[in-house]
Structures are given as structure tokens and as C-alpha cells.
Amino acid sequence: MSAASCLRSEDQFLCSICLDVLTDPVTTPCGHNFCKNCITEHWNSNDQYLCPMCKEVFYTRPKLKVNTLFSEMVSQFRQEAQQKASSSSSEQQAAKPGEVPCDVCTGTKLKALKSCLVCLTSYCETHLEPHLTASRLKRHQLMDPVENLEDRMCMKHDKPLELFCKTDQTCVCVLCSVLDHKTHDVVPLEEEYEGKKAELGKTEAEIQQMIQKRRMKIRKIKHSVNLSKKDANREKAEGVQVFTALKESVDRSLNELIETTEDKQRTTEKQAEDFIKELEQEISELKKRSSEVKQLSRSEDHLHLLQNFPSLKAAPPTKDWTEVSVRPPSYEGTVVRAVTQLEKTLSKETKKLLAEVELKRVQRYAVDVTLDPDTAHPKLILSDDGKQVNHRDVKKNLPDNPERFSPSPCVLGKQSFTSGRFYFEVQVKGKTDWALGVARESINRKGKITLSPEDGYWTIVMRNGNEHKACAGPSVSLSLKSQPQEVGVFVDYKEGLVSFYDVDAAALIYSFTGCSFTEKLYPFFSPSPNFGGKNFAPLIICTKGTKRKHKLGFLFKFKSLF
């Protein structure tokens, strides 16, 4: 096999990740081969599953399978490479640039196989033979070939540097150890070598640890960049949405201004056309009468003139045009009024759009919330999926554990939060009374409950079908344009913020700010008593598209209980 063909074969069996001959080769769906450990670690350390060769992205992590045929070819290649290396080691080769030449060879210097620290000479395989066979030379210390063997000799005593002075941290010969370094701590090179080698191993481990930390930092930085890119794209998309809507409002106002102005002009032109048409009609009649008068005045027939004179002596009846005029409409202030109205419209639209953007922003932190039956008051009904709750007058026989509310008809979510941001939505449609929000873990659950931040509750309530209040201690009455059908609850634990949103109207209802959270927070729900069926509808923890399904299933179950 030629050298070129060997190189080609080796390239075919190299892993593109570790650049070494493949170990446990596996094949990706796109047909490229990698070491099993290499591709596994590569995918573990990246956000996407892509092929390092062709960059094809796999949306789910592929199941790697061993390529049996290719694995056998790699194994065969390894065996041939080892055989080649073994056979080549026995061949005599001329020393290449950078290799240690044999000091004994004359003419062509062959590659040295060993260097003798006693003879201070490097030998090729042929000239090394005496050191391997002669008993006198077998005691010499051989090592892998090195250049400048004189550097391994003591400059002062011309002896091999076989010892190490730990006091002066330098290599010395035997004579140095009994003369200049007599009182120093001197040990054999092998002993110090092992110690320094161990230190280097420790240093290498530390360096590898530093490399790993920096790789982790790189991954974090890349992850941060990806998050920043996603946020930037989302921000641009939202900006385009907002400004496109505002631009459409401006265009509509401009079109209305132009249409109004053109309507006025069309009205003026129509009035002028009608006047002109009427005037032209009168002119036509007058011309006709003028012609008749001229003709009669030229008549020589006395009787004919006198008989027709009464009907032609006066002009035909016409309109008095003295006070008639076309008054151009006044356009004064039209642009000012249009701009003023546009400002009002833009202000209204801007608030609405920003509210929608804000709601979409907090909805990105949506979490899956389910109700905790161990905290539910005995008169509350919880659905099997833990997504809805209602109140009935029949009290269930449940253990009065410390977590359970009594006598207030309340229930907490199973999920707790001690950091970050979270958001959930609750359908309140059809209810006359309810309370929603979050509560800290250490709240009082027995006896009379006061909903206030001082007592660990951040909530809003509805009473009597139309009275909405924020339980801020004292309560704050809320003036809402419409009654919410679905309420969103958003919490920023670090910033101490609890906000409530009317989801359908995309409007902020109320925000608790400057809160101090130091323990677990739980979603809080109170459907309130059913008041003889008036407040029958359940509270439903829901996402878009599931509200109706939850409601129908719950009503069916509720009716089956009576």
C-alpha cells in the first residue's frame, strides 16, 4: 500500500471531533461517523443536536447505533497500523531533521535508538548492540535519544548529573553531593522525578479543571447570547406589531381627513353644478322668449301683433339670483382637529397595545398549577385533574390536618415558588364572589382569615357580582371598565411584585409592589360560598382552548353529586 493510500485510509477512519482513530464508531442519521463518547459529549454540551460535519439539526436526540461493518474496518485498520509500526521499528532509517543522529555512524548518520548517560553517546540500533550484549556495558544507563548529552554532565567534575539538591533546587553529580552540597538535602534524580511528576499531575488536573470551568463559562456565555438573541427577536417582533398598529391608526386618520375634505369639496361642486344647470335652463328659456319677441316685433300684421302682445310683453318667470352664491366650505382647523383626535386615538391605542405586550411578556412565565386537596376546606369540591374548585353546602368528612383551611372556603396550589417569576390564569366567569392571588407558607389557615399582605396574602376579590377590591390592608376599590372573565396572576419573587390582569381585555387590574418575600409562595384560591346556587360556577385554572371543556366536565360531575 502506498503512502498516499495509507494517508487516505487514515483520514477515512478519523473522528472529526477528537481527530483520532475512531473508537466505538457510531453513525448519525445524516451518515457521518464519530466516536460514541465524542458525539455524546458534544450533544450534552450544546443546546442543539446537530452534526459537527454537515451541521444538520436534529429536533430530537437521535438514537445512536453502532455501524458494525465500519467498526470492523476500523479494527482492521488499527491492526494493520500496529503491524506497520512494529515492522518499521526494526528497519534502519537515516536521521531526519529534528531527530537525534547516531554519534558513531560515519557517512550517512542513522537515527539513534538510545543515548547512554555514561558514554555520553547516542547509538543507532547497530551500534547499540554492544550495550545490550556486553556485560560491562549493560550496567550503563540508557535512555531515549536526546541531543546535547554534555548538558547532562557536571561542568565542574565531569560526572553525570545523577542527584538532585533539594536545598538549592538543582541537579548535581556524586562529587557535588560530598563536596559543595555536603550538608544539603540531596536525593536521587528518580526520587525527585517522581515527586515533581506527581506535582505536574496535580498541576495538570488543576489546569484541566480550569479548562472545564472556562468551557462551562463559554457555554453559559453562548447560552446568554442565545437568550439575548431570542429576547431581541421577540422585542423586535413586538415593536413591529405595536408600531404597525400605530402606523395604521395614523393612516386611518389621514384617510379620514382626506375623505372629509374631499366630501366637502364634492358637496360644493355639486351645489355649483346644480346652480349652473338651473341658470343655463333659464338662459335657454330667455333666449327662446327673446327670439319670439324679435319675430313678433318685425311682424307687419297688426292683428297678429296685438293678439300675441299680452303673452310676450314680459320676460318669462325666473328665479331671483341676487342672494344666491356658492360659498366655499371652511377648512380652517380641519388638520388641527384631525391631529388632536389622532393624539387621543394614539394614546388610547398605545395604552392598549402596551398592555397587550406586557400581558404577553408575563405569559411567558406560565406554570402548571394544580390544586392541593390536603389544603382544601371540607365543603370545597376539587376536580380529578386538580384544575377547578367549587363550594357546596355539604361538608365532607376529612381529617383536620394543619394544612387544611377551616372554616374559610379556601385552597392552595400544590406548587410552591421561592425564586424567579411565575404566572397562571384562572377563569372566574359566571361567579358573583371569589378571591385569587398568592399566599406565603406560614399563613394562618384556621379561624377567621384576614386577606392582607401583613398576614401573608396578596389577593384581589370580587363581592356582590360587581365590586372588585385589592386586599392591600386597607382594601382598595378597583374601578374596572368591564368585569373580568379570566384573571391572570403574575409574581416576580425577587422584585417583590404581584400583578393581576384581565386576560380578555389585556388590561392590568392591580399590582402589589415593594413586597418582601422570604419564604415559599403558593397560588391561593377561594371560590367563596355558593349562596344558594347564585355563586355556583367554579374557579378554573386553565389555558387557552381548555376553558369550555373544563367547565362542562365539572358541571356534569357537580350535578351527579345531588
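Counting starts from 1 at the beginning of each chain's written sequence and moves along it residue by residue. Where totals are concerned, whole chains, interfaces and linings use all residues; where local detail is concerned, this predicted model gives features only for residues with pLDDT of at least 70, and gives and counts side-chain atom pairs only at 80 or more. Only heavy atoms go into the side-chain values, all of them from the structure, while hydrogens and water stay out.

## Regarding the sheet that holds strand 22 (residues 507–512)
Basically, it comes down to this: A pair of strands counts as paired when DSSP detects no fewer than two bridges linking them. Helix and strand definitions here come from DSSP, where helices need a minimum of 4 consecutive H or I residues and strands a minimum of 2 consecutive E residues; each element is numbered from the N-terminal end. For helices, the fitted axis covers only the stretch in contact; all axes are lines through C-alpha atoms, and the angles between them, taken along N-to-C directions, range from 0 to 180 degrees. When checking whether two residues touch, look at their non-hydrogen atoms; a contact exists if any pair is within 4.5 Å.
If you walk across this open sheet you meet the seven strands as 12-13-24-15-20-21-22, and the pairing is antiparallel. The strands lining the two open edges of the sheet, one partner per strand, are strand 12 (380–382) and strand 22. On average, each strand axis in the sheet is tilted by 20° relative to the strand beside it, whichever way the strands run. When strand 15 (residues 421–427) meets strand 20 (residues 486–492), the two strands line up antiparallel, connected through seven bridges. By the bridge assignment, Q427 is partnered in strand 20 with E486. Along the sheet, helix 9 (residues 334–363) makes contact with strand 15, strand 20, strand 21 (497–502) and strand 22, crossing strand 15 at roughly 110°.

## Looking at the pattern of salt bridges
To keep it simple, the criterion reads: Every case where a carboxyl oxygen of Asp or Glu lies within 4 Å of a side-chain nitrogen of Lys or Arg is listed as a salt bridge. Buried means the residue's accessible area, taken with a 1.4 Å probe over protein chains only, is under 20% of the maximum for its type, while exposed means over 50%, and partly exposed covers the values in between.
With the rule as written, the count across this model stands at 16 salt bridges. The residue K247 makes a salt bridge to D251 at a minimum N-O spacing of 3.3 Å. Of this pair, K247 and D251 are both found in helix 7 (residues 189–297), four residues apart, which corresponds to roughly one turn of the helix. On the basis of relative accessibility, which here comes to 53%, the residue K247 falls in the exposed class.

## A word on the pairing of strand 13 (residues 388–391)
Alternating positions in strand 13 separate into two faces, Q388 and N390 on one and V389 and H391 on the other, with burial throughout. Both strand 12 and strand 13 contribute to a ladder of three bridges, which runs antiparallel. Directly across from I381, in strand 13, lies its bridge partner N390. Counting the residues that bridge the hairpin from strand 12 to strand 13 gives five residues, and of these G386 lies at a positive phi of roughly 70°. One ladder, built from two bridges, connects strand 13 with strand 24 (residues 539–541); its direction is antiparallel. Bridge pairing in strand 24 places Q388 opposite I540.

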